[in-house]
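Observations on the three-dimensional arrangement
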Amino acid sequence: MDPVLIGTLLVSMMLILLLSGISIAIALGTTGLVGILAMRPWGAAEYLIANFPYSFTAHFSFTVLPLFLFMGYMAFSANLSQRAFEAGQRWLGHIPGGLAMATIFGCAAFSAVCGSSVATASTMARVALPEMIKRGYQYSLAGGSIAAGGTLGVLIPPSGILVIYSFITEVSLVKLFVAAIVPGIMTAIIYMIGIYIWVKMKPELAGMDRDRVQAAAWKERFVALGRSWEVMVLFAVVMGSIYLGIATATEAAALGAFLSLIMVAARKNAWRNIKEGLWETGTATSAIFLLIIGAGLFSLALNMSQLPTVVADYIVHMDLPTYAVFGLIILIYLVLGALVDGISMILITMPIVFPIILQLGYDPIWFGIIVVKAVELGCITPPVGINVFVVKGSVPQAPLGEIFKGCLPFVLMELLIIVLLITFPEIAMFLVGN
Amino acid sequence: SQAKETLVYANYVSEIYTTSQGDIWFMDEVEKRSNGEIVFERYFSSSLLNGPDLYPGLSRGAADVVAGVPSAYNRNDYPLSNVTLPFITNDSDAVTGAFTELFYTNDALRKEYESRNARVLYARGYSVNTIYSRLPITKAEDYNGLKIRAVLSIADTVKALGATPVSVPYPEALEGMARGVVDAMTASPFDSSVKGGLAEASKYGSDGGRMGVYAINIVAINLDRWNKLSPEHQKILTDVAEEMIVHYNKMRQDEVRQNALQLCEIAAKEGAVKIHLFDDAEAAKVRDLAYDKIKDGWIEWASKTANVDASKVLDDYIALIRKHEATSTYKNGWEIYQEECGS
Amino acid sequence: MLIRIVEFIERFLLRLGVASGFLTLLTMLIIVADVVGRGFFNKPIPGGNELAVLIMVGLIFLGMAAAQQKKHNFSIDLVTGFLPPGPLRVANFIATAVSTAVCGLLAWLTIDIAHAMTLSGESSYGVIAFPIWPSRIILAIGLVCLTLQFFFDFLRAAGVLPEKPDEEEKASI
Ligand code: NA
Ligand code: NA
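A few points on the structure. (Residues numbered from 1 in each chain as written. Chains lettered and ligands numbered in written order. Predicted model: local features only at pLDDT ≥ 70, side-chain atom pairs only at ≥ 80, totals over all residues. Heavy atoms only, no water.)

Helices and strands together make up the secondary structure of chain C, namely 5 helices and 2 strands. Mapped in sequence order, the helices and strands of chain C form the string α-α-α-α-β-β-α. For chain C, the C-alpha atoms occupy an extent of roughly 65 × 35 × 35 Å along the three principal directions. Here chain C holds 173 residues, and 51% of them are scored as buried. A fraction of 74% describes how many contacts in chain C between residues 6 or more apart in sequence connect residues 24 or more apart. Carbon and sulfur atoms provide 72% of the accessible area of chain C, an area that totals close to 8,000 Å². One way to put it: in chain C the 12 positive side-chain charges average out to a point 4 Å from where the 13 negative ones average out. (Helix = DSSP H or I, 4+ residues; strand = E, 2+ residues; numbered from the N terminus. Buried < 20%, exposed > 50% of the residue type's maximum accessible area, 1.4 Å probe, protein only. Contact = heavy atoms within 4.5 Å. Areas by Shrake-Rupley, 256 points an atom, 1.4 Å probe, with all protein chains shown as cover. Lys, Arg positive; Asp, Glu negative; His and termini not counted. Charge placed at Lys NZ, Arg CZ, Asp CG, Glu CD.)

Printed below as a string of structure tokens:
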């Protein structure tokens with residue numbers, strides 16, 4: 001049978017299963033199994049399938065995933081999110097839209113210790129949303145800045161998405177982390193500037209200056225910044241131990257996790273928080289890996305059908321300009337973003353998208369940053385944006401439509417940032433070197 | 001005309017490696033010579049099977065032809081295939097010829113493959129070992145106390161020299177060495193050290209005391225699948241395999257020369273890697289400290305695991321190596337380096 | 001009686017999930033000890049990386065059933081969200097049946113390979129020889145547990161068991 005036909009059948013089957021409400025991992029895995037069984041004799045298929053769960057997961061570098069997850073949970077239990085937000089509040093609270101900017105600051109700081117966008121958004125929603133509503137902020141600005149700020153979680157290292165990307169594309173995780181630093185900070189700054197302009201245009205969004213916070217004294221500002229020292233220490237330990245050669249990326253994750261554990265152990269309710277963090281880490285890790293295995297089986301079957309090569313060849317020979325290629329790819333993520341979470345999006349698309357990128361000669365590290373951006377864009381756009389749902393889930397009285405409306409300016413900013421990253425790849429690449 | 005035979009080929013590295021290029025030449029040639037009656041479905045870069053899964057997968061028919069390193073990844077299943085111990089030779093061509101010949105002449109080795117439902121098509125010696133480091137390594141005693149990323153017999157070797165072998169995964173070690181996660185990296189063939197960026201990323205490079213060729217890459221076919229092929233098709237595979245070795249040796253020599261010149265270029269740059277080769281006395285010291293230990297260790301372990309007298313296999317192998325060395329024109333990377341730009 | 005047995009097994013599967021979580025701690029401690037040992041005393045833990053991988057396999061697979069029980073596995077309710085109760089039940093029935101079958105096939109095949117690898121004493125060889133076969137066994141156990149959990153979900157969808165009250169909303173990754 002024609003490989004393109006088989007491949008297309010597989011993709012269709014996967015989509016139908018997805019829509020039927022079966023879990024994403026099983027939908028991908030089922031399609032993979034059916035594909036492998038259809039294209040190989042039983043004995044061959046038997047070994048390929050039986051060996052796969054072990055062969056695909058048992059890699060030392062994969063330990064970063066649970067370790068960074070655990071660090072994020074510990075950082076939350078230790079109230080690091082609260083303190084980061086308070087520091088932002090002291091510094092920015094008196095400016096128009098200052099609380100929203102403080103939220104972005106808090107998100108960025110928390111992102112330095114948490115590798116998940118959803119976890120960042122849900123944590124900051126609990127911390128910052130009630131505060132903003134109390135001060136008369138509208139749900140659009142308040143919810144939008146949290147949903148968008150959450151996306152920093154997977155851009156500023158550590159980043160779960162970059163871990164997955166690194167694993168399936170075999171691109172250096174350290175280089176990806178380093179490449180993400182400047183775009184991460186730049187995104188946070190652009191968000192803050194965007195909020196400032198937006199609030200200048202529509203002051204009522206930020207409660208028409210009602211209850212505007214007084215500018216905090218400088219001493220107070222630095223005290224608040226000092227109180228969020230743990231975030232800085234954790235970030236310094238993780239990125240620092242990588243730079244100084246004390247540890248590899250994997251080992252740095254263990255050091256960070258260990259340190260965050262000590263921070264929680266020194267606080268009250270330590271045992272309960274640690275136990276809860278371990279339980280959450282365990283089940284979250286299992287769920288992610290079930291997804292990884294399912295996606296891997298799907299990808300194996302798709303490779304056997306040779307569809308990815310055919311599609312890549314086709315697109316390469318179309319000779320499209322850069323913006324057209326990336327426009328197309330981003331469009332795919334926007335559509336997918338309406339259906340699935342970030343990790344699933346990467347796992348589903350990479351088998352087809354990555355060969356195209358390689359064939360077109362783009363730098364896979366730089367592309368990793370673009371992918372994170374595109375994936376996260378999908379998480380804040382309607383009809384389904386997982387970050388928006390997370391904000392809604394954390395603060396149920398927030399109207400969904402308002403939050404989506406509040407995301408729109410951030411979507412525009414994101415598109416601007418993506419264009420900047422495509423036009424000036426150095427933004428991501430200059431820290432990486434050669 | 002005969003029925004069309006599709007053979008699924010799997011490799012764990014990408015097309016850019018010389019071994020892969022050799023396989024591509026082999027497969028193209030077989031397809032051509034069989035008038036398209038034999039075709040290969042090709043999987044590179046672990047897209048079908050990972051390194052450790054190639055040979056187990058071959059046994060069970062998950063692939064029909066694989067290019068892999070069973071001695072590294074499936075040691076217990078292929079103990080005798082580990083016979084290429086360090087310090088035996090610096091001649092990759094001799095290893096290539098000797099191991100392939102050993103397969104056809106040594107019953108124990110052939111049984112090792114047949115019992116795993118495999119049949120060797122051809123084997124290829126890697127290029128000689130290198131060691132790249134943060135500190136200069138020019139004498140046997142320089143090994144003392146270093147943390148060295150190493151695997152297999154080379155790990156045993158550096159241990160015998162007083163270093164601590166560390167098993168950080170290769171890419172992490174490459175990133176980590178500049179920053180001191182490990183002091184040195186070895187068990188890396190001459191050509192891949194240059195091509196993979198290890199030489200460029202390091203401060204010092206060395207032959208480590210002439211450890212020589214320490215591993216082979218083996219291309220094998222599933223035995224059941226082989227038996228199902230017509231005698232004509234079998235003959236095409238055998239003939240092309242034989243020619244492949246000649247072709248490959250030439251390709252490999254060109255490549256190593258190119259890598260050596262590239263290393264000259266890299267080393268000539270300001271502040272770049274400094275290359276120090278061991279002199280005869282120090283190389284002999286390294287060998288004296290390590291060779292007997294690893295040889296005895298291997299013979300004991302392989303004899304037990306394979307249930308044969310492994311020392312006999314080793315002796316036969318070394319004799320074949322010497323035979324092939326006599327007619328070989330191979331120059332290893334360090335020799336070429338020394339000739340072209342050595343001081 | 002059936003309900004009692006299922007409840008008992010499900011509680012056990014949750015315990016396994018807790019155990020899986022605690023393996024995070026163990027993974028972390030081994031790696032930290034390895035880094036400290038190597039960095040300060042020039043004495044890495046022999047086979048430390050391999051041990052960390054073995055424990056991670058436990059962490060991954062032993063928690064799968066608990067993750068499913070707690071509905072941590074994402075699905076898309078774009079279509080099913082609009083279905084009336086009747087068709088929704090049918091969709092749910094099919095989804096859980098397919099999940100049980102696919103996971104059961106995977107579990108069965110991994111048991112087979114775990115058996116073969118245990119007999120042959122499968123091991124990896126970096127700096128030292130390290131057994132891999134225990135990972136194979138743990139993995140197969142984890143998948144069998146996940147299959148059981150899918151089967152219980154199927155029994156609920158088929159109406160053999162009563163629905164569980166929704167305790168928790170979907171997880172957040
Ligand atoms: Na982060
Ligand atoms: Na969306």
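Bringing the interface of chain A and chain C into the picture now. By a frequent convention, interface size equals the accessible area lost on bringing the separate parts together. Listed by partner, the interface residues are 62 residues for chain A and 58 residues for chain C. Counting the surface lost from both chain A and chain C, the interface buries some 5,200 Å², and carbon and sulfur atoms represent 80% of this. For the pair chain A and chain C, the number of links is 1 salt bridge. One salt bridge in this structure joins Arg38(C) and Glu251(A), with 3.0 Å as the shortest N-O distance. At the surface where chain A touches chain C, the tally comes to 5 residue pairs in polar contact (both at pLDDT 80 or more). Of all the elements in the fold, those that place two or more residues in the side of chain A that touches chain C are α1 (3-19), α2 (24-39), α3 (42-57), α4 (64-77), α14 (249-265), α15 (270-305) and α20 (386-394) of chain A. No other element matches the 16 residues that α15(A) contributes to the side of chain A that touches chain C. Partitioned by chemical class, the residues of the side of chain A that touches chain C number 42 nonpolar, 15 polar and 5 charged. (Buried area = accessible area lost by both parts, 1.4 Å probe. Salt bridge = Lys/Arg side-chain N within 4 Å of Asp/Glu carboxyl O. Polar contact = N/O pair within 3.5 Å; in protein donor to acceptor, adjacent residues only side chain to side chain. Nonpolar A, V, L, I, M, F, W, Y, C, P; charged D, E, K, R; others polar.)

Reference geometry at the metal: tetrahedral coordination by four donors gives ideal angles of 109.5 degrees; octahedral coordination by six donors gives 90 or 180 degrees. All names here are of chain A. Only Ser111 (O), Cys114 (O), Gly153 (O), Ile156 (O) and Pro158 (O) from the protein coordinate the sodium ion (ligand 1), and they sit 2.2 to 2.4 Å from it. Mapped onto the sequence, the donors of the sodium ion (ligand 1) take the spacing S-x2-C-x38-G-x2-I-x1-P. Taken as a pair, Ser111 in helix α6 (residues 98-111) and Pro158 in the loop between α9 (152-155) and α10 (160-169) lie far apart in primary sequence, 47 residues in all. On the basis of relative accessibility, which here comes to 0%, the residue Ser111 falls in the buried class. (Donors = N, O, S within 2.8 Å, 3.2 Å for Na, K, Ca; no water.)

Further remarks concern the interface of chain A and chain B. In this complex, chain A contributes 27 residues to the contact, which on the side of chain B involves 20 residues. The junction of chain A with chain B conceals about 1,700 Å² of combined surface from both sides, 51% of it contributed by carbon and sulfur atoms. Counting across the interface, chain A meets chain B through 1 salt bridge. A salt bridge links Arg40(A) to Glu41(B), with the nearest nitrogen and oxygen atoms 3.2 Å apart. The interface formed by chain A and chain B holds 5 residue pairs in polar contact (both at pLDDT 80 or more) in total. For the side of chain A that touches chain B, the secondary-structure elements that each account for two or more residues are α3, α11 (173-201), α13 (229-243), α14 and α15 of chain A. Among the elements that make up the side of chain A that touches chain B, the one with the highest residue count is α3(A) (6 residues).

Residue and element names in this part refer to chain B. One open sheet holds the 5 strands; their spatial order is β2-β1-β3-β10-β4, and the pairing between them is mixed. Of all strands in the sheet, those with a lone pairing partner are β2 (38-43) and β4 (118-125), marking the two edges. The mean inter-strand angle of the sheet, taken between neighbouring strand axes irrespective of direction, is 20°. Note: β4 against strand β10 (residues 216-222), 7 bridges, orientation antiparallel. Pairing of Val120 across the sheet is with Ala220, part of β10. Packing against the sheet, helix α4 (residues 92-105) makes contact with β4 and β10, and its axis sits at approximately 165° to β4. Its contacts with the sheet put helix α11 (residues 231-268) on β1 (5-11), β2, β4 and β10, and the angle it makes with β4 is roughly 15°. (Pairing = 2+ DSSP bridges. Axes fitted to C-alpha atoms, helices over the stretch in contact; angles between N-to-C directions.)

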